Amino acid sequence: MQGNSQLPRRAAGRPSRVAAVPVVARASRPGPPVGGRSAGGRGGSQQGRGGGGRSSPGTSPLPRELLTQLQYAPQWWTKVLTNVGPVQPSQLPNGRAARPGHSRAGRPIEVLTNHVPLAVGVRVVHQYDVRISRVSGSPDGASSSSSSSADAGSSGSSSSKGSGKGGAARGGRKEAKVAGQEAHAVLAQLLGGGAGAGSSSSSSSWVFDGSQALYSVDADLRRRAASVASTSGGGDGEGQLALQMAAAPAAGVVGGTYKVELKLVGALDVAECLKEAAQLQQPARQTPPADDEDVDQAAPLPPTATTTSPSGSGSGSSSSPRAAALAVLDLVTRAGVAWDPASVRTGGGAYVSYKQEDASGPVKGLLPLKLLRGFRSAVAQVAAGTTLTVDAASAVVAGDGPLLSQLQASLAAGRSVSDLASELSRNARRLEEALVGLEVQPSYTANRYKLSGKLGKSARDITFKLPEGRSVTVEAYLKERYGVTLKYPGLPCVLDKKGGALPIELLSVVKYQKRMSRLDARQKADYIRTAALRPQDRLKAMREALAKQLGSVKGQVAAAFGLQLREPDFLKVPAQLLPGPLLQVARQQAVEPGNKGEWAGGGVAVAPAWRSGAVLCYLDQGEAQGPLKKLLTSLDKALTSASASPLPADLPVVWASAPKPGLSPDKVAADAQFWLERAAGAAEKKYGQRAQMVMVVLPAKGGPGLYESIKAAGDGKLGLATQCVNPAKAGLVGPKAADGPSFSYAAQLALGVNAKLGGATTRPAGRPKDWLPLLGDRRLMVLGADLSRGAAVELSGRGADPQLAAAAAESEAQVSGGVEYAAVVGSADSHAVDYRVQLSAQVTGNRDIVVGMRESVARLLLQYGRPPGAAPGAAAAATVTAPRPASELPEVLLMYRDGLSESQFDMALAVEYEAIKQACVDVGGPGYRPPITFVVVQKSHNTRFFPISSELTHKSGNVLPGTAVDRGVTDPVAFDFFLNSHAGIQGTNRAPRYTVLVDEVGFTAEALQQLTHTLCHTYPACTRALSHPPPVRYADRAADRARTLRYASSRASGKQQARGAGWYELLPSPAHAGHVV
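Residues numbered from 1 in each chain as written. Predicted model: local features only at pLDDT ≥ 70, side-chain atom pairs only at ≥ 80, totals over all residues. Heavy atoms only, no water.

## What to know about the overall build of the protein
Here is step 1 of the chain: A tally of regular secondary structure across the protein gives 26 helices and 43 strands.
Here is step 2 of the chain: Taking all 1077 residues of the protein together, 57% fall into the buried category.
Here is step 3 of the chain: Across the protein, the fraction of contacts at a sequence separation of at least 24, relative to all contacts at a separation of at least 6, is 76%.
Here is step 4 of the chain: Of the accessible surface of the protein, which amounts to about 41100 Å², a share of 51% is contributed by carbon and sulfur atoms. (Helix = DSSP H or I, 4+ residues; strand = E, 2+ residues; numbered from the N terminus. Buried < 20%, exposed > 50% of the residue type's maximum accessible area, 1.4 Å probe, protein only. Contact = heavy atoms within 4.5 Å. Areas by Shrake-Rupley, 256 points an atom, 1.4 Å probe, with all protein chains shown as cover.)

Now the structure itself:
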């Protein structure tokens, strides 16, 4: 059904604005802009763009120059900017950009880090290859792996603390590979002591990575092991050692005969590796390398353990001798906690402990969940030397113990077990969500099984055939095979991943199971709220971790490896407090956020006219018509107050019916496209032109997959911007519906609407050469790129709905096929606030490289300086038919690349940087070769910063926005820095690390830091600075949006899975980046 929303007429006169800094400007003569165009837009060249595009009745429009350059801005920027450059670019021997000098911008300050200086005295460390297996006389009780089997199939999967994995059977014996805690216990028995134990230096002279790599200062460990094995079984004649051990559940030892292979494979001079890395040659070249020039690479003996490169840890790759040495030292520093029975390894050098459980149980679920706290650490090599970074960490794990007791307490507390059977059936969906992926161990076997989340029939009703052909029930089989009598044979069985039936009463939830990936949206919100620590609380937790969990740095293992702390507390380093930028917010106004990271309104800098649109509402028309009218009235006032384009007059409303539960994803997508087309048609009929945007009010009770389907239809098929509205937050449903939306919600929605139309809330005040004098009058294009994996995993709801389960299944198939989604964005205007997007699907073999970078950048270059395409998929349809004149193309390219680890830097240089150069030639011809600066933005690293005085502390307790660090904890010679641009809201800020791989422009440290800080203040959806530049945020969100456009990549035919590494396919892309805000 369709209707019109009648809005009250606005009173004449210019609306009042939020207070801002007035611009002192003198106009030569008032009157219409040059050329007779309406005031507004980029330089007044487009009607309705700029600071609102409207003037008060009875007044003359402001001169055009006030909209393009605020006349006092040059003087303001001249006072603020220092050492603007440019400088002569230089490179390191490995081809990466060398540091042009340390920044002196702003005010010099000092900050506290989470780095502790280390002294490394060890020389040669020997690496051993270790293979351990547990031998049993026969497989442990697994029968058929069919859906009716009692204990389906495999020998079980190991938890994070180790235990056995299925192995080959030899001569009637079954060998199970052993890793983790059980393997460490075997090695401790053979070699004595081990990490965190032992009373002599010889027994503490080795560390183990939990897999198959062991490191020791002893070159003859095998002789020591053989002497122990000879008294406990001896060698078996095949070069293996045999050892008998009794079961020790607390240590993860199953018990029995263990076979151990211990082979010396190499040696690593740790001190020499670190010394060589610290004495890298100074920059040797003043020009970029030729295309065919080789990059120097070392070929060391790396550890077999997978390591995470710490932030600021140098300029080598993860396969360098330096990385190998740091990996060994990581194992040494964590020696005491790694094999503590209370510890849980969560990845990335992080460990949490059952000794630090949050007793309040903040994360609730159908089954018990525990929030554990701990630490994250890594050894780094930085300008200050070798350091140990320490940070607080937390994780959610499954509550261990009898599964029956957990279900009884949750579903039938205080009632009998017989009542539980009906509750299990009634809560099947919730139960599947809680059980899927959970690892359990039956009481009658040492095997472990991962559950599918599905329920089967009772053990009394499930029958299957034995190898001899006889049929038997699960109940009878357990009695005959294991002598187990079921107490509750009428309870449903749970099914494992292979369909095997397992009686609930015999199962125990295995300890140490991480459940972070299985949390739903509510649980994640509870976790984030509880796990976030204010800076002072985090600093306290870090100091406790250094003194307790990492106390082994002062112990015998560290002493054996020659490792000790040089200082007892965290390192203080010099920093610079950059000034905040000057931001144009409306036609006659500018604001100076200073070092607050936020500002109070002031209007919008770029406001496209909204001439055609509609509202698509999934609520009941009878109940929502009044509240919707209030929402539109409030939104119109907020748009007017912000000097943005008002709502089109008499905006048509289309009332839609929400999709029914259980619909397939394809039907939901078709339904969403149908209603969007109706709304767009209503807008075109009403206003005589294509709809620019449709506001979509989502159903009150959700609508699985509807949001994603709306975005896929709008961005991918209709070329239509969509602004979704949460009815609860908008005051459309619930007890406060009569009051309408809050002022803050309406103001925030107005910014989103303006952004979806292609507008900008702020932009740097003045001309580009004012706020970026290094470039002079050269045109700049700012690029951003990122990747996203797993098409719909986050949307799956973990089995809560069949539709989402289908989406999850499709996602898992795509992930297994190696399909990734890439987004490349690029600015199309002189102020770097109007971004265009190019999406693609690809297969790279987990290299995290944008395969379609060349074609994506070429299409972005074609759109530079041009208005957004109005036709669906216009960006994707662009083709290079002839070179575009260089006078129309950007003269400088600045790429902010997100999502790369240090080990991928060389690949990015070899592939993506070269692809950008080729794209320039494709578009501008052989003579078009603009200088390129390629910057990697890393948000996942180990370095944190803390203020050391109240004067330099933000109200959140974090360092002030504008804090930049390029000394002490950065690379000794490479061009990198940390920059905290944002004001923290919750927890402790993590300042992104920026590493310049290529700098052909000649940026000084001050110029690049200040430009980055300025750009962080130009995201259109809020009046706060981001933690990273907008192109990074756009690329991240656009790559996620590409998941919803996966239909364009032949998902139905399975063509993706058949493609090899290097395949990619461009996807329909939004007209501009505002669509993904």
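Now that the structure has been shown, the text picks up again.
## Thoughts on the packing of helix α15 (residues 621–641) against helix α18 (residues 743–756)
Here is step 1 of the chain: Across the interface, α15 lies against α18 with an axial gap of 8 Å and an inter-helix angle of 70°. Taken together, the axes of α15 and α18 are roughly perpendicular relative to one another. Note on packing geometry: the crossing formed by α15 with α18 is right-handed. Across the interface between the two elements, Leu631, Ser634, Leu635, Ala638 and Leu639 from α15 touch Tyr745, Ala746, Ala747, Leu749, Ala750 and Val753 from α18.
Here is step 2 of the chain: For the contact of α15 with α18, a count of residues per class yields ten nonpolar, one polar and no charged. (Axes fitted to C-alpha atoms, helices over the stretch in contact; angles between N-to-C directions. Parallel < 35°, antiparallel > 145°, perpendicular 65-115°, else oblique. Left-handed = near helix turned anticlockwise from the far one by under 90°. Nonpolar A, V, L, I, M, F, W, Y, C, P; charged D, E, K, R; others polar.)

## Brief notes about the sheet that holds strand β17 (residues 401–402)
Each strand in a sheet pairs with another by means of backbone hydrogen bonds, the pair being arranged parallel or else antiparallel.
Here is step 1 of the chain: Across the sheet, six strands lie side by side as β17-β24-β18-β19-β22-β23; this open sheet has antiparallel pairing. Pairing within the sheet leaves two strands with one partner each, and these edge strands are β17 and β23 (501–503). (Pairing = 2+ DSSP bridges.)

## Side note on the environment of Gly752
Here is step 1 of the chain: Looking at where Gly752 falls in the secondary structure, it is placed in helix α18.
Here is step 2 of the chain: Between the C-alpha atom of Gly752 and that of His1075, which follows or precedes it by 323 residues, the distance is 9.4 Å.

## Some thoughts on the pattern of salt bridges
Here is step 1 of the chain: Summed over all chains, the structure comprises 41 salt bridges.
Here is step 2 of the chain: Residue Asp976 pairs with Arg99 through a salt bridge whose shortest N-O separation is 2.6 Å. A residue pair is termed long-range when its members are at least 10 positions apart, and Asp976 in strand β41 (residues 976–980) and Arg99 in the loop between α2 (73–80) and β3 (107–113) qualify at 877 residues. With respect to class, Asp976 is no different from Arg99; both count as buried.
Here is step 3 of the chain: One salt bridge in this structure joins Arg415 and Glu423, with 3.3 Å as the shortest N-O distance.
Here is step 4 of the chain: Residue classification places Arg415 among the partly exposed residues on the basis of a relative accessible area of 39%. (Salt bridge = Lys/Arg side-chain N within 4 Å of Asp/Glu carboxyl O.)

## Digging into the environment of Gly681
Here is step 1 of the chain: Along the chain, Gly681 turns up in helix α16 (residues 665–687).
Here is step 2 of the chain: Sequence-wise, Gly681 and Ala691 are ten residues apart; in three dimensions their C-alpha atoms are separated by 7.8 Å.

## A closer look at the nonpolar core
Here is step 1 of the chain: Ranked by size, the top nonpolar core spans 64 residues in total, and within it Ile132, Leu191 and Leu214 carry the most contacts.
Here is step 2 of the chain: In terms of residues, this core owes the most to one element, helix α6 (residues 321–333), which gives seven residues.
Here is step 3 of the chain: Residues Ala765, Leu780, Ala1021 and Leu1067 belong to the second largest nonpolar core, which totals 63 residues. (Core = buried A, V, L, I, M, F, W, Y, C linked by side-chain atoms within 4.5 Å.)

## Describing the confidence of the model for the protein
Here is step 1 of the chain: With 78% of its residues at a pLDDT of 70 or more, the protein shows a mean pLDDT of 81.
Here is step 2 of the chain: A low-confidence stretch, residues 138–160 (pLDDT under 50), is modelled with 84 contacts involving residues beyond four sequence positions or located in other chains.
Here is step 3 of the chain: Contacts of residues 870–877 to residues separated by more than four positions or lying in other chains number 19 contacts, the stretch itself having pLDDT below 50. (pLDDT = per-residue confidence, 0-100.)

## Some words on the packing of aromatic side chains
Here is step 1 of the chain: Scanning the entire structure with this criterion turns up 13 aromatic pairs.
Here is step 2 of the chain: For the pair Phe945 and Phe978, a centre-to-centre distance of 5.3 Å together with 70° between the ring planes defines the contact as edge-to-face. Residue Phe945 is found in strand β39 (residues 945–946), and its partner Phe978 is found in strand β41; the two are separated by 33 residues along the sequence. As far as the burial class goes, Phe945 and Phe978 line up, both buried.
Here is step 3 of the chain: Positioned over the ring face of Tyr482 is Arg481, at 5.1 Å from the centre of the ring.
Here is step 4 of the chain: We note Lys511 situated over the ring of Tyr354; from NZ or CZ to the ring centre the distance is 4.6 Å. (Phe/Tyr/Trp six-rings, centres within 6.5 Å; stacked < 30°, edge-to-face > 60°. Lys NZ or Arg CZ within 6 Å of the ring centre and 35° of its normal.)

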